[in-house]
Amino acid sequence: MGSGGYCFCEKGQAGKENDVPDCRSEIELFVNRLDSVESVLPYEYTAFDFCSEQSEKRPSENLGQVLFGERIEPSPYKFEFKKKEECKHVCTKTYTKGSAEDKIKLDFLKKGMLLNYQHHWIVDNMPVTWCYDVEDQQKFCNPGFPIGCYVTEAGRPKDACVVNSDFNEKDTFYIFNHVEITIYYHMVENEAAGARLVAAKMEPKSYKHTNADKPDCTGAPMDLSSKFSGDLKIPYTYSVQFKEDKTIRWASRWDYILESMPHTNIQWFSIMNSLVIVLFLSGMVAMIMLRTLHKDIARYNQMDSVEDAQEEFGWKLVHGDVFRPPRKGMLLSVFLGSGTQIFIMTFVTLFFACLGFLSPANRGALMTCAVVLWVLLGTPAGYVAARFYKSFGGEKWKTNVLLTAFLCPGIVFADFFLMNLILWGEGSSAAMPFGTLVAILALWFCISVPLTFIGAYFGFKKSGIEHPVRTNQIPRQIPEQSFYTKPFPGIVMGGILPFGCIFIQLFFILNSIWSHQMYYMFGFLFLVFIILLITCSEATILLCYFHLCAEDYHWQWRSFLTSGFTAVYFLVYAIHYFFSKLQITGLASTILYFGYTMIMALIFFLFTGTIGFFACFWFVTKIYSVVKVD
């Protein structure tokens, strides 16, 4: 699928000898996978028994589209520019009584209507939207429309059945077998280039067509009773009209989809909210840094100059132990390597998305960019893991490199593979083809792993990180800690503030993943990313200072876990979101939701933990480098 944006003109106008040499008269409609808010399993268009185009080959998909389970195919719906069609017959699907195959097809269609599966159609790379009125005279545009709907045995219309009072038979399915499409265009000025398409809207209808072979698009809706068992014919039809609209510029043709989403106000509110938290934290940190630390340092350095120095106290006491290697230094260094890889990948992807390179019009670009970046960033991962492992006094460099290259990516891949097996078993379009799995493994083993080795080679060649103070031979006794300075309460408190800054944004991200809404607010996301970075750093530094003052020098793992604990809150929120916002049914869908959520939580844990560790490492190095030590 290219980025769309062809020029169109009426039939007979195109051609070298005419005014518009490079324009097309035929408009193709492509169909994407069908998905549902009530099920995580998307299905290809051809999985359902709709009119399909068998002969044409599918447009090629990029890696991001394959990973997200997008399956774009040609459809039998073809229009000629500016040619109005009324009730054009596409095909008729016949289901005969007694045929097992037909019964399976019809049951699958009913299941799709029951779970509110939605079509996603594309014209000139734009989603065809269904706009309908909601309360307060607002219009809501949905980039998809349902297959049909169901009226329950109690006579309650479900989902789209509420739009039409004729859908009133109890325990009956109504299929949307007719679509009225309106394509908006504007003429290109100053160049002989025909017209550009700027919007495509549609309205689904249901008609029982009295004559299936010569439909007239009138009469009662097409109903399928649950009890019905005779022969059945479902004719599919469409109407299309063209309207000129000079107000929409081609560059902003996606805006009509976004306007109906009233998220922006909430976003600004949440960002202001987050900024208040950041300012409050920054104030606290600044006060500690400038006032308390300044006093501490002045007092310590003054005491050194006085002959009869009193007993040392506070964080200076632990200067001989503060850079003592942590327990399980191997694992910490591996986590830091993977975290650095994820951090740089996220930063660069969001930066490009902010500049508009990864717009929703460029399908799958965001995911492709993230995967390619992750593969290419093996070198910094290997380098960081090696540097820290060496400075922790580690000797097993081969194990370190192998763990950096395989541990975290391996967990993610194993989880992903298991989810894929479930999708294969369910026959879903989101299941990745075997070839793509092999391609991802090849990227990992042939590019990412060698790059990690190169990074580690340079990391081990360099001398260990220089610390400003020497480490004593004998570890110091840590005094009895109060409740607040014990490790666990500190870690639990540390994750609350960063999570508070991101949870509204998290709602929109989860909506875009599970409720199939368009995500386009990358500017907001980048702002929130920066706020998260600052909050994680400041919260960790604050708690790190309190622990050092309480003469507890085990800061390495604690700083990683303090901000990494944000991922636990993320997990709790994802569970809450599952039960309160989604109507997901079925065991496979539930397993998939939690399987993918675990991958996201692990990545988020490594990402936030690494930020916390580096902030604390910088802070500790800084304060001990300005104190005179005997």
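Everything below is about the structure printed above this text.
The shown structure was predicted, so the numbers you read here are calculated from the model rather than taken from an experiment.

A.B. asks: Help me out: how do you make sense of the packing of aromatic side chains in this one?
C.D. replies: What characterises a pair of aromatic rings is the spacing of the ring centres plus the angle enclosed by the ring planes. Enumeration over the complete set of coordinates arrives at 68 aromatic pairs. On the numbers, 4.6 Å between centres and 25° between planes, the contact of phenylalanine 167 with tyrosine 174 is stacked. We classify phenylalanine 167 as buried; its relative accessible area is 5%. According to the relative accessible area criterion, tyrosine 174 is buried, its value standing at 2%. On the basis of an interplanar angle of 15° and a centroid distance of 6.4 Å, the ring pair of phenylalanine 413 and phenylalanine 417 is categorised as stacked. In this pair, phenylalanine 413 and phenylalanine 417 both sit in helix H8 (residues 397-426), 4 residues apart, roughly one turn of the helix. Members of the aromatic cluster, connected to one another through ring pairs, are Phe343, Phe347, Phe351, Phe526, Phe529, Phe570, Phe604 and Phe607.

A.B. asks: Explain helix H7 (residues 378-391) to me, please; I cannot follow it from the model alone.
C.D. replies: For an α-helix the count is 3.6 residues per turn, leaving residues at separations of three or four pointing the same way. Between its first and last C-alpha atoms H7 spans 20 Å; for 14 residues at 1.5 Å apiece the expected length is 20 Å, and the two agree. Extensive coverage of H7 is indicated by the burial of 10 of its 14 residues. Among the residues of H7, Gly378, Ala381, Gly382, Val384, Ala385, Ala386, Arg387, Phe388, Tyr389 and Ser391 are the ones counted as buried. Against helix H5 (329-354), helix H6 (365-376), H8, helix H9 (434-461) and helix H15 (587-625) lie the buried residues of H7. Just downstream of H7, glycine 393 is the residue with a positive phi angle, here 85°.

A.B. asks: Looking at this structure, I do not really get the pattern of salt bridges. What am I missing?
C.D. replies: As a working rule, side chains carrying opposite charge can pair if their charged atoms are close by. Taken as a whole and judged by the stated rule, the model has 13 salt bridges. Between lysine 82 and glutamate 10 there is a salt bridge whose closest N-O contact spans 3.6 Å. Of this pair, lysine 82 sits in the loop between strand E4 (73-80) and strand E5 (85-95) while glutamate 10 sits in the segment before strand E1 (26-31), and the two are 72 residues apart along the sequence. We classify glutamate 10 as partly exposed; its relative accessible area is 35%. Residue glutamate 101 is joined to lysine 105 by a salt bridge in which the shortest nitrogen-to-oxygen separation is 3.6 Å. Taken as a pair, glutamate 101 and lysine 105 lie in helix H2 (residues 100-114) at a separation of 4 residues, close to a single helical turn. Relative accessible area serves as the criterion here: at 51%, glutamate 101 is assigned to the exposed category. The network of salt bridges with common partners includes Lys83, Glu85 and Lys88.

A.B. asks: How do you make sense of the sheet that holds strand E7 (residues 121-123) when you look at a structure like this?
C.D. replies: Picture the strands of a sheet paired through backbone hydrogen bonds; they go either parallel or antiparallel. In space, the 4 strands of this open sheet follow the order E4-E1-E7-E8, with antiparallel pairing throughout. Sheet topology places E4 and strand E8 (126-127) at the edges, where each strand pairs with a single neighbour. Pairing analysis gives 5 bridges linking E1 to E4, with the strands arranged antiparallel. Directly across from isoleucine 27, in E4, lies its bridge partner phenylalanine 79.

A.B. asks: How should the pairing of strand E15 (residues 195-205) be read in this particular structure?
C.D. replies: Each regular strand carries side chains that alternate between the two faces of the sheet. Pairing analysis gives 2 bridges linking strand E9 (residues 129-134) to E15, with the strands arranged parallel. Counterpart to tryptophan 130 in the pairing with E15 is methionine 202. For strand E14 (residues 178-187) and E15, the ladder comprises 10 bridges, and the chain directions are antiparallel. Paired with threonine 182 across the two strands is lysine 201, which belongs to E15.

A.B. asks: For this particular structure, what's the right way to read the sheet that holds strand E10 (residues 138-142)?
C.D. replies: In spatial order, the strands read E5-E17-E14-E15-E9-E10; together these 6 strands make up an open sheet with mixed pairing. For this open sheet the edge positions go to E5 and E10, each flanked by a neighbour on one side alone. On average, adjacent strands in this sheet sit at an angle of 30° to one another, irrespective of strand direction. Direction of pairing for E5 relative to strand E17 (residues 232-244): antiparallel, over a ladder of 8 bridges. The residue bridging threonine 94 from the neighbouring strand is lysine 233, located in E17. Its contacts with the sheet place H2 against E5 and E17, and it is angled at close to 125° to E5.

A.B. asks: What is the right way to read the state of the cysteines from this model?
C.D. replies: Note on terminology: disulfide describes a covalent bond linking the sulfur atoms of two cysteines. Counting across every chain of the model gives 4 disulfides. Here cysteine 9 connects covalently by a disulfide to cysteine 23, the sulfurs 1.7 Å from one another. Around the S-S axis, the bridge from cysteine 9 to cysteine 23 shows a dihedral of about 55° and counts as right-handed. Highlighted residues: cysteine 9 in the segment before E1 and cysteine 23 in the segment before E1, separated in sequence by 14 residues.

A.B. asks: How do you make sense of the pairing of E17 when you look at a structure like this?
C.D. replies: Alignment of E14 against E17, held across 8 bridges, turns out to be parallel. In the sheet register, threonine 182 faces E17, and the bridge partner there is glutamine 241.

A.B. asks: I keep staring at a nonpolar patch on the surface and nothing clicks. Help me out?
C.D. replies: A cluster of nonpolar side chains, contributed by Phe417, Leu418, Leu421, Trp424, Phe434 and Val438, occupies part of the molecular surface with about 570 Å² of accessible area. Every element with two or more residues in the nonpolar patch is listed here: H8 and H9. Counting residues per element, the nonpolar patch draws most heavily on H8, at 4 residues. Note that phenylalanine 434 resides in helix H9. Phenylalanine 434 sits in the exposed class, given a relative accessible area of 57%.

Rules of the game
Residues numbered from 1 in each chain as written. Predicted model: local features only at pLDDT ≥ 70, side-chain atom pairs only at ≥ 80, totals over all residues. Heavy atoms only, no water. Phe/Tyr/Trp six-rings, centres within 6.5 Å; stacked < 30°, edge-to-face > 60°. Buried < 20%, exposed > 50% of the residue type's maximum accessible area, 1.4 Å probe, protein only. Helix = DSSP H or I, 4+ residues; strand = E, 2+ residues; numbered from the N terminus. Expected span 1.5 Å × (residues − 1). Contact = heavy atoms within 4.5 Å. Salt bridge = Lys/Arg side-chain N within 4 Å of Asp/Glu carboxyl O. Pairing = 2+ DSSP bridges. Axes fitted to C-alpha atoms, helices over the stretch in contact; angles between N-to-C directions. Disulfide = S-S within 2.5 Å. Patch = residues over 30% accessible without salt bridge, like charges linked within 9 Å, V, L, I, M, F, W, Y side chains within 5 Å. Areas by Shrake-Rupley, 256 points an atom, 1.4 Å probe, with all protein chains shown as cover.

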